[in-house]
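# Structural overview
If you want the building blocks of each chain, they are given just below.
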Amino acid sequence: MSIKEQLTADMKEAMKNHEKDRLSVIRLVRGAIRQAEIDGGHKELNDDEVIGVISKEVKMRKDSIDEFKKGNRDDLVAKTQAEIDVLMPYLPAQLSEDEVRALVKEAVEKTGAKTPKDMGKVMGMLMPKVKGRADGKMVNTLVRSMLQG
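A few points on the structure. These numbers were taken from a predicted model, which means no experiment stands behind them. (Residues numbered from 1 in each chain as written. Predicted model: local features only at pLDDT ≥ 70, side-chain atom pairs only at ≥ 80, totals over all residues. Heavy atoms only, no water.)

## Observations regarding the overall build of the protein chain
Along the protein chain, the regular secondary structure elements total seven helices and zero strands. In terms of principal-axis extent, the alpha carbons of the protein chain reach across some 55 × 40 × 25 Å. A total of 149 residues make up the protein chain; the buried ones form 32% of that total. Roughly 9300 Å² of accessible area belongs to the protein chain as shown, and the carbon and sulfur atoms make up 53% of that amount. (Helix = DSSP H or I, 4+ residues; strand = E, 2+ residues; numbered from the N terminus. Buried < 20%, exposed > 50% of the residue type's maximum accessible area, 1.4 Å probe, protein only. Areas by Shrake-Rupley, 256 points an atom, 1.4 Å probe, with all protein chains shown as cover.)

Now the structure itself:
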């Protein structure tokens, strides 16, 4: 079953069970997927592209949480975290920081990167491996620290 089919099935289940919050999050992400299809010339997105859309939605919510924390809006932090919790099962298993660090080290060795100027080469090799499985900000920070140290 594709991720889109799973989203549709989960949306129907949420409707039957009167889970308003879960239903609204699933509808939002389905809308984002549909918009991506329209933007791409009405082509059907495959699972990797759907994962990209869902990852983007999760990232936007994580960024929002940071802002809500700065504004002492704990109510919005909790609501947004609940939305992330609904979306996470549709993404591949997330890599731990140690796993990402090992992949960064491997990419640095393979590219022969030595200075922060080589960051583009390392990121170019690394991002396809971690796409949807690790936060890009964390990957960027780990690459940057490894190339400066």
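## So, a positive patch on the surface
Among the surface-exposed residues, Lys12, Lys16, Arg27 and Arg30 lie close enough to one another that they form a single positively charged patch. Broken down by secondary-structure element, the contributors of at least two residues to the positive patch are α1 (3-16) and α2 (20-39). If you trace the backbone, Arg30 turns up in helix α2. Its relative accessible area of 32% is what places Arg30 among the partly exposed residues. (Patch = residues over 30% accessible without salt bridge, like charges linked within 9 Å, V, L, I, M, F, W, Y side chains within 5 Å. Salt bridge = Lys/Arg side-chain N within 4 Å of Asp/Glu carboxyl O. Lys, Arg positive; Asp, Glu negative; His and termini not counted. Charge placed at Lys NZ, Arg CZ, Asp CG, Glu CD.)

## Side note on unusual backbone geometry
Negative phi values dominate among residues other than glycine, just as trans dominates among peptide bonds. Here His18, not a glycine, exhibits a phi torsion of approximately 55 degrees, which is positive. Take His18: it is sitting in the loop between α1 and α2. For His18, a relative accessible area of 68% puts it in the exposed group. Positive phi, normally seen in glycine, also occurs at Asn72, with a value near 55 degrees.

## Re the packing of helix α5 (residues 97-111) against helix α7 (residues 136-148)
Packing of α5 against α7 leaves a shortest axis separation of 10 Å and a crossing angle of 50 degrees. Classified by the interaxial angle, the pair formed by α5 and α7 is oblique. Between α5 and α7 the crossing geometry is right-handed. Between α5 and α7, the residues in contact are Glu97, Val100, Arg101, Val104, Lys105 and Val108 and Met138, Val139, Leu142, Val143, Met146 and Leu147, respectively. Each residue belonging to the contact of α5 with α7 can be placed in one class, and the counts come to nine nonpolar, no polar and three charged. (Axes fitted to C-alpha atoms, helices over the stretch in contact; angles between N-to-C directions. Parallel < 35°, antiparallel > 145°, perpendicular 65-115°, else oblique. Left-handed = near helix turned anticlockwise from the far one by under 90°. Contact = heavy atoms within 4.5 Å. Nonpolar A, V, L, I, M, F, W, Y, C, P; charged D, E, K, R; others polar.)

## Section: helix α6 (residues 119-130)
Compared with an ideal rise of 1.5 Å per residue, which puts twelve residues at 16 Å, α6 spans 16 Å between its outermost C-alpha atoms and is within 8% of the ideal. Within α6, the full set of buried residues consists of Met119, Val122, Met123, Leu126 and Val130. Angular distribution of buried residues about the axis of α6 spans 90 degrees; they occupy a single face of the element. Residues of α6 that are exposed and point more than 90 degrees away from the buried face comprise Gly120 and Pro128. Of the surrounding secondary structure, the elements contacted by the buried residues of α6 are α5 and α7. Backbone geometry just downstream of α6 places Gly132 in the positive-phi region, at approximately 80 degrees. (Expected span 1.5 Å × (residues − 1). Arc of directions from axis to C-beta.)

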